[in-house]
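# Coordinates in review
The primary structure of each chain is shown beneath.
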Amino acid sequence: MKIPFVDLKAQYNSIKNEVDAAIQSVIDETAFIGGKRIQSFEESFAEAQSVKHCIAVANGTDAIYIALKMLGIGRGDEVITVANSWISTSETISQTGAKPVFVDINEYSNIDAEAIDAAITPNTKVIMPVHLYGQPADVDKIRSLCLEKNIFMVEDCAQAHIAELGNQKVGNFGVAGTFSFYPGKNLGAYGDAGAVVTNDDSLAAEMKLFARHGAAKKHNHLIEGINSRMDGIQAAVLSVKLRKLHEWTRARREVAAQYVKLLGDITEIDLPHVANDRTHVYHLFVIRTERRDELREYLGTRGIQTGVHYPTALPFLPAYAYLNHTPADFPRAHEFQERILSLPIFPEMSGRQIEYVAEKIHDFFA
Ligand SMILES: *Cc1c(COP(=O)(O)O)cnc(C)c1O
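The rules behind these values
- Residues numbered from 1 in each chain as written.
- Predicted model: local features only at pLDDT ≥ 70, side-chain atom pairs only at ≥ 80, totals over all residues.
- Heavy atoms only, no water.
- Patch = residues over 30% accessible without salt bridge, like charges linked within 9 Å, V, L, I, M, F, W, Y side chains within 5 Å.
- Areas by Shrake-Rupley, 256 points an atom, 1.4 Å probe, with all protein chains shown as cover.
- Salt bridge = Lys/Arg side-chain N within 4 Å of Asp/Glu carboxyl O.
- Helix = DSSP H or I, 4+ residues; strand = E, 2+ residues; numbered from the N terminus.
- Near = heavy atom within 4 Å.
- Polar contact = N/O pair within 3.5 Å; in protein donor to acceptor, adjacent residues only side chain to side chain.
- 1 Å grid on protein atoms, 1.4 Å probe; cavity = no way out; pocket = protein on both sides within 12 Å on 5 of 7 lines; lining within 4 Å.
- Sits in = over half its atoms within 2 Å of the grid points.
- Nonpolar A, V, L, I, M, F, W, Y, C, P; charged D, E, K, R; others polar.
- Buried < 20%, exposed > 50% of the residue type's maximum accessible area, 1.4 Å probe, protein only.
- Contact = heavy atoms within 4.5 Å.
- Pairing = 2+ DSSP bridges.
- Right-handed = clockwise from strand over helix to strand, strands pointing away.
- Points joined across faces, edges and corners; volume = space filled by probe spheres on them.
- Axes fitted to C-alpha atoms, helices over the stretch in contact; angles between N-to-C directions.

### Considerations on a nonpolar patch on the surface
A cluster of nonpolar residues, Ile27, Phe32 and Ile33, forms a patch on the protein surface that exposes about 270 Å² of accessible area. Relative to the helices and strands, Phe32 is located in the loop between helix H1 (8-28) and helix H2 (36-48).

### Considerations on the site of the ligand
Lining the immediate surroundings of the ligand are 15 residues, of which Gly60, Thr61, Asp156, Ser180 and Lys185 lie closest. Thr61 is positioned with one of its side-chain polar atoms (N or O) 2.5 Å from an oxygen atom of the ligand. A distance of 2.8 Å separates a nitrogen atom of the ligand from a polar side-chain atom of Asp156. When the ligand sits alone it has 380 Å² of accessible area, and the protein chains cover 93% of it. In a pocket analysis with a 2 Å cut-off to the grid points, the ligand is assigned to the largest pocket. Of all the elements in the fold, those that place two or more residues in the shell around the ligand are helix H3 (60-70) and helix H4 (88-95). Split into classes, the residues belonging to the shell around the ligand amount to 5 nonpolar, 8 polar and 2 charged.

### A look at the pattern of salt bridges
Tallied over the entire structure, the rule returns 21 salt bridges. In this structure, Glu18 and Arg243 form a salt bridge, with 3.8 Å as the shortest nitrogen-oxygen distance. Highlighted residues: Glu18 in helix H1 and Arg243 in the loop between helix H7 (232-242) and helix H8 (245-263), separated in sequence by 225 residues. Residue classification places Glu18 among the partly exposed residues on the basis of a relative accessible area of 32%. Using a relative accessible area of 59% as the deciding quantity, one classes Arg243 as exposed. In this structure, Asp201 and Lys52 form a salt bridge, with 2.8 Å as the shortest nitrogen-oxygen distance. A residue pair is termed long-range when its members are at least 10 positions apart, and Asp201 in helix H6 (residues 201-211) and Lys52 in the loop between H2 and strand E1 (53-57) qualify at 149 residues.

### With respect to the environment of Tyr108
With respect to the helices, strands and loops of the structure, Tyr108 is situated in the loop between strand E3 (99-103) and strand E4 (124-128). Separated by 164 residues in sequence, Tyr108 and Pro272 have C-alpha atoms that sit 7.2 Å apart. In contact with Tyr108, other than residues within four places in its own chain, are Gln135, His273, Val274 and Ala275.

### As for the pairing of E3
Regular strands have side chains that alternate between both faces of the sheet. Most of E3 sits inside the fold, with 4 of its 5 residues counted as buried. Where strand E2 (residues 78-82) meets E3, 5 bridges bridge the pair, whose relative direction is parallel. Within the sheet, the bridge partner assigned to Glu78 lies in E3 and is Lys99. This β-α-β element, E2 to H4 to E3, shows right-handed connectivity.

### Overview of the layout of surface pockets
The rolling of a water-molecule-sized probe over the atoms marks out the regions of remaining empty space. Taken as a whole, the largest pocket encloses approximately 480 Å³ of empty space. In terms of lining, the largest pocket is formed by 24 residues, of which the most central are Trp86, Gln159, Tyr182, Lys185 and Tyr310. Of the residues forming the lining of the largest pocket, the biggest block, 3 residues, is contributed by H3. A class-by-class count of the residues in the lining of the largest pocket yields 10 nonpolar, 11 polar and 3 charged. Estimates place the volume of the second largest pocket at around 300 Å³. Forming the boundary of the second largest pocket are Ala205, Lys208, Leu209, Arg212, His213, Ala215, Ala216, Lys217, Lys218, His219, His221 and Arg229. Of all elements in the fold, only H6 and strand E10 (215-217) reach the threshold of two or more residues within the lining of the second largest pocket. Split into classes, the residues belonging to the lining of the second largest pocket amount to 4 nonpolar, 3 polar and 5 charged.

### Quick notes on unusual backbone geometry
Cis geometry marks the peptide bond from His309 to Tyr310; its omega dihedral reads 15 degrees. Not every positive phi belongs to a glycine, and Tyr282 is a case in point at roughly 45 degrees. Locating Tyr282 in the fold gives a position in the loop between strand E12 (278-279) and strand E13 (285-288). For Asn324, which is not glycine, the phi dihedral falls at a positive 55 degrees. For Asn324, the location among the structural elements is in the loop between helix H9 (292-301) and helix H10 (331-339). Looking at Asn324, the relative accessible area reads 62%, which means it is exposed.

### Describing the sheet that holds E3
Reading across the sheet, the 7 strands line up as E1-E9-E8-E5-E4-E2-E3 and stay open at both edges, with mixed pairing between neighbours. Strands at the two margins of the open sheet, each flanked by one partner only, are E1 and E3. Between one strand axis and the next, the sheet turns by 25 degrees as a mean value, whatever way the strands run. The pairing of E2 with E4 spans 4 bridges and is parallel. Residue pairing for E4: Ile80 is matched across the bridge by Ile127. Contacts from helix H5 (residues 139-149) reach E4 and strand E5 (152-156), with the element oriented near 155 degrees to E5. Of the strands in this sheet, E1, strand E8 (176-180) and strand E9 (194-198) are in contact with H6, which crosses E1 at around 10 degrees.

And the structure:
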């Protein structure tokens, strides 16, 4: 049996007619850039996230950059973020001219809220937690800290569409939330796409202006901006897929529950820890074991594709060598990077496929 890490083809097959028709209609109308599909997707996604404004942009990395820029972040500022994430989270901080300041993770692989205080300086302007793997970070606690210290919070929601903490959707805790619709994400386009959401009217207007060359009206550039648009084909595909997001998210949670049931008796592995009062939307199902590399190899030779998210925590990447960090600065992120393994997970995964993966993991440890 061959088990891919994600199966985008299986998903396409399940919605082929609707997606093909949606793409064809964009071509028929040559509505490649702008237009009603963009606006309609923005409205539907804002509704799905229970947030007031959504601005569709070119990708999830731009979404972060746009939010930080429109909060006035730049040279001399510091932005606190988490040691384990995808590089978009930190490279966008540097792109604004600010300095990324990393904080270690907790047992849930999210930013350790208790450790943030020690990283705050008079230059700290933003705290940017990431809802990693699909599990909401402690954004309620971080919000209180931000209010107390007069700091903004921007949530990187790229892996956590419609995830909730205490019945509130991610993206609503901070001043802005950023999303990626990279094809493999829980809501994925057929190319690059992203969005930034906010409940703040003026920030929404500024972010939209900046992402559209600084022009609210054609040729009337109020400021210099950037070109970050979601194209018509992506908006059309995403609008079709958004209607399935709740169903697909339930399916992901069901796959995770099956894994937990089938792998719970293996003492050599740690299953994902889920904190109280939140819904994990399982963009990734990440286990930990001291024999990670061996297990990965074993599963690979038996047709099971796995991933590591991420093999090197951000502070230890060559890109951040200039910060001179050592493993002792982020002991948990360092420990986890050697042990984490992402198992295949996608909404269309069958019971038989889940059982096969679990069986092979049992065989490995037997
Ligand atoms: C995917 C991702 C991004 C960036 O998304 P792109 O759309 O690929 O630019 C940002 N942050 C995290 C945590 C991600 O997983």
